[in-house]
Amino acid sequence: MAVVTGASSGIGAATAVALHRAGFSLVLGARRLEKVQEVGGPLGAMCLPLDVTDAASVEAFCAHVPEVHVLVNNAGGALGLDKFAESKDEDWQRMYDTNVMGLMRVTRALLPKLEASGAGHVVNIGSIAGREAYPGGAGYNAVKFAVRAITQVMRLELVGKPIRITEVAPGMVETEFSLVRFSGDEERAKKVYAGLQPLSPEDVADVIEWVVTRPPHVNIDEVVVKPLAQASATVAARNL
Ligand code: NDP
Ligand code: 8X3
């Protein structure tokens, strides 16, 4: 049984498809339940509403999870690309609530079931933004650096238990990510991927499927995956 948060679009939706193909039964969650159902219906998944920023929602979601071997903490994203001096409290707060507090709440609630499975695995979706700062990234950089730190602490504290811990850190993936970051501005979102071939959500799902299907004694600590045309968060080759 695999649980995927943020399964209504992008990497989470593609991960649901990949893990179904790999033989997992699924529990999927996100705020837009109808979109989760579109993804999960054909996969026979249990589709539930989930707002990872809301403790009661997380509690209700986790109570419905009967057992869990794999947890993919994918729900997250960026808000804005403002210079630090123009940081918006609300954007930073929401990014922290979603990417950091949400990951903590869901994982903490499911740890007993992950351990009871005898072969648990937590996959945290980080980012190259969690390894490399860039102008305008401060709020998002901070939360993805935090995801990396949390992943490392979990590995240290859970050693000896049957729970593998992995961070998958993608570069540029074409999803709703930039549309959300730029508050629905389609033009601006499109420019992020102009003149190059970004990763697809399926490319990242492929990596997630690979890490969770290694033999149980093999822990893939971290994977950084970027498009060929991207050398870093700020350097990409574009044919424009
Ligand atoms: P999308 O915007 O396409 O997907 C984000 C998902 O997170 C949606 O399913 C959304 O569902 C869900 N989500 C957002 N807020 C909440 C919440 N409060 N509670 C529950 N679910 C929530 O973007 P991606 O697929 O690209 O993003 C997935 C992850 O990958 C994120 O953690 C992102 O930071 C990370 N990432 C993305 C990269 C990229 O370039 N695209 C690169 C590196 C990392 P809903 O709105 O229905 O709640
Ligand atoms: C998304 C990658 O470089 O836009 O996590 O921050 S980046």
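Each remark here, short or long, concerns the structure printed above.
Remember, predicted model here, so these are calculated numbers, not experimental data.

*Asks:* Can you help me understand the sheet that holds strand 6 (residues 163–170) in this one?
*Replies:* What links the strands of a sheet is backbone hydrogen bonding, and the strands pair in either a parallel or an antiparallel sense. If you trace the seven strands from one edge of the open sheet to the other, you get 3-2-1-4-5-6-7, paired in parallel fashion. Across the chains shown, the open sheet's two edge strands, defined by having one partner strand only, are strand 3 (46–49) and strand 7 (222–225). Ignoring which end each strand starts from, the neighbouring axes of this sheet average 15° apart. Taken together, the six bridges between strand 5 (residues 120–125) and strand 6 define a ladder with parallel strand orientation.

*Asks:* Honestly, unusual backbone geometry in this entry has me stumped. Any pointers?
*Replies:* Peptide bonds are, in most cases, trans, and in most cases residues other than glycine have a negative phi. Of note in this structure, Ser-183 is not a glycine but carries a positive phi near 50°. With respect to the helices, strands and loops of the structure, Ser-183 is situated in the loop between helix 6 (177–181) and helix 7 (186–192). Assessed through its relative accessible area of 72%, Ser-183 is described here as exposed.

*Asks:* Honestly, helix 2 (residues 33–40) in this entry has me stumped. Any pointers?
*Replies:* In an α-helix, one turn spans 3.6 residues; hence positions three or four apart end up facing the same way. Among all positions of helix 2, only Val-36, Val-39 and Gly-40 are buried. The buried residues of helix 2 occupy an angular sector of 85° when projected down its axis, which confines them to one face. Buried residues belonging to helix 2 abut helix 1 (10–21), strand 2 (26–30) and strand 3.

*Asks:* What is the right way to look at helix 1 in this model?
*Replies:* Relative to the 16 Å expected for 12 residues at 1.5 Å per residue, helix 1 spans 17 Å between its end C-alpha atoms, a close match to the ideal helical length. In this fold, the buried residues of helix 1 make contact with strand 1 (2–5), strand 2, helix 2, strand 4 (70–73), strand 6 and helix 8 (201–212).

Conventions we followed
Residues numbered from 1 in each chain as written. Chains lettered and ligands numbered in written order. Predicted model: local features only at pLDDT ≥ 70, side-chain atom pairs only at ≥ 80, totals over all residues. Heavy atoms only, no water. Pairing = 2+ DSSP bridges. Helix = DSSP H or I, 4+ residues; strand = E, 2+ residues; numbered from the N terminus. Axes fitted to C-alpha atoms, helices over the stretch in contact; angles between N-to-C directions. Buried < 20%, exposed > 50% of the residue type's maximum accessible area, 1.4 Å probe, protein only. Arc of directions from axis to C-beta. Contact = heavy atoms within 4.5 Å. Expected span 1.5 Å × (residues − 1).

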